[in-house]
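# Architecture at a glance
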Amino acid sequence: MTGIAGAVPSVLAPPAPPRTARLPRGARFGLTVLQNHAGSVPARPSWCTFLVCYRCNARCKMCDSWRVKPGRELTPAQVDEVFAKVGRLDVVRITGGEPFLREDLLDVVRAVIARSDPFVLHVTTNGSFPDRVAAFVDALQREGHGERLAFMVSLDGMPEEHDQNRGDDVTFDTAVETIRRLVGRGVRVAVNHTVISPRSLEDNTAIRDTLRPLGVDVHSVLAYSDSAMYSIKLRGTRAEHLIVPRGYPLHPSLAEADVIGFVERELAEAEKLRWRERVGKRYYLRGLLARLRGEERPSPHPKCVALRSHLRLLPDGRVPVCQFNTETVGNLATDAFDEVWGSPAAEKARAWVDACPGCWAECEVIPSGIYTGDIARALV
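Attention here is on the structure that accompanies the text. (Residues numbered from 1 in each chain as written. Predicted model: local features only at pLDDT ≥ 70, side-chain atom pairs only at ≥ 80, totals over all residues. Heavy atoms only, no water.)

## As for the pairing of strand β1 (residues 47-51)
Strand residues, when the strand is regular, have side chains that alternate between the two faces of the sheet. With five of five residues buried, β1 lies mostly within the body of the structure. Alternating residues of β1 divide into Trp47, Thr49 and Leu51 and Cys48 and Phe50, and every residue in both groups is buried. Across five bridges, β1 lies against strand β2 (residues 91-95) in parallel orientation. When the sheet's bridge partners are listed, phenylalanine 50 is paired in β2 with isoleucine 94. Looking at chain direction, β1 and strand β7 (residues 310-313) are connected through four bridges and run parallel. In the strand pairing of β7, threonine 49 is matched with arginine 312. (Buried < 20%, exposed > 50% of the residue type's maximum accessible area, 1.4 Å probe, protein only. Helix = DSSP H or I, 4+ residues; strand = E, 2+ residues; numbered from the N terminus. Pairing = 2+ DSSP bridges.)

## Some points on the packing of helix α4 (residues 130-142) against helix α6 (residues 172-184)
At a minimum axis distance of 9 Å, the contact between α4 and α6 shows a crossing angle of 20°. By the criterion of interaxial angle, the relationship of α4 to α6 is roughly parallel. Crossing angle aside, the handedness with which α4 passes α6 is right-handed. Touching Pro130, Asp131, Val133, Ala134 and Val137 of α4 are Thr174, Glu177, Thr178, Arg181 and Leu182, all from α6. Classifying every residue of the contact of α4 with α6 gives five nonpolar, two polar and three charged. (Axes fitted to C-alpha atoms, helices over the stretch in contact; angles between N-to-C directions. Parallel < 35°, antiparallel > 145°, perpendicular 65-115°, else oblique. Left-handed = near helix turned anticlockwise from the far one by under 90°. Contact = heavy atoms within 4.5 Å. Nonpolar A, V, L, I, M, F, W, Y, C, P; charged D, E, K, R; others polar.)

## Some words on the packing of helix α1 (residues 25-38) against helix α13 (residues 362-372)
In the contact formed by α1 and α13, the axes pass within 7 Å of each other and the chain directions differ by 105°. Taken together, the axes of α1 and α13 lie roughly perpendicular to each other. Every residue of α13 that contacts α1 at Phe29, Thr32, Val33, Asn36 and His37 is listed here: Ile370, Tyr371 and Thr372.

## Some thoughts on the sheet that holds β7
Within the open sheet, the seven strands sit side by side as β6-β5-β4-β3-β2-β1-β7. Their pairing is parallel. One side of each edge strand has no neighbouring strand; the edge strands of this open sheet are β6 (217-222) and β7. Each strand axis lies, on average, 20° off the axis of its neighbour in the sheet, ignoring direction. By the bridge criterion, six bridges tie strand β4 (residues 149-155) to strand β5 (residues 188-195) in an arrangement that is parallel. Note on β5: the bridge partner recorded for phenylalanine 151 is valine 189. Against the sheet, α6 engages β4 and β5, with an angle of about 165° to β4.

As far as function goes, none of this settles anything; it's purely spatial.
Have a look at this one:
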């Protein structure tokens, strides 16, 4: 495919990393957990969520990404410069929009790997480009990076529900074909089922049955009432109405659905998984269930590590606070890392994070659970 196998950006000698970045990874992890507990700021993040583009070929009802103007996107050479500033990471999540709309995605990811050497390179996709996905994986496997790859393919239901929500360019059958190609290449792959309606909820069992022969697990999340990161009206603001001290801001279409019974069944399904997958899913689902039940002090409730161990990066290099506060604290494409990480804007944003009652969005919850050590409570 055009653009998939392009030139590798030149790799210059990176600046000397800070002392904590030179620690063995296990020791660095322990230090990071202690720093997050103490409320101090780690010298470098450990987890990065990188939105490589806002562009999307789906027309999802619960997301405005496809309505957002594409804006500027970092070139592979600029990605190389930005991640040289960030340094070594444990996890990099590549997301969008739809990442495979970027025909230079392979070069973008090569730059990320060269500079940050993550244990896990996690790619989220709607599965509408099976040929591009296959070429992308084949190239990285040839280069010795197959072990670090993990994919999450998004589904909203079985064909009728999924296709109605996502549109003609992003069909259920195409997504399943992408999953088949990933499985055939030995890549770790799971499905994210966004429950967006009663019909979507009912489809969950059929999705599991469809994917079980492929050995693919299904992660289910309940749609929020609005999209904080992608909503045109919320972009660049604090979506504080979506962060509630008690309860869960459920999408209105699910108001009459038995979401509590659904999550209870999901918890039972989680017990069938291998322990590594089981721990993360238990953690998320237990917290979700507590919030759906309206518990006054829902548990788990980890300290948020946004702008501490979790760095979010927008397509143009700007750094937002988190999924629900998209005010930015600087731009790593134009500024030195320390100028952004230690800026007055970042300190002010961390004070806001510390005062936040806490969301229950999986993309924020899991890094917070890991880098505070709180996820250990899901071991039992």
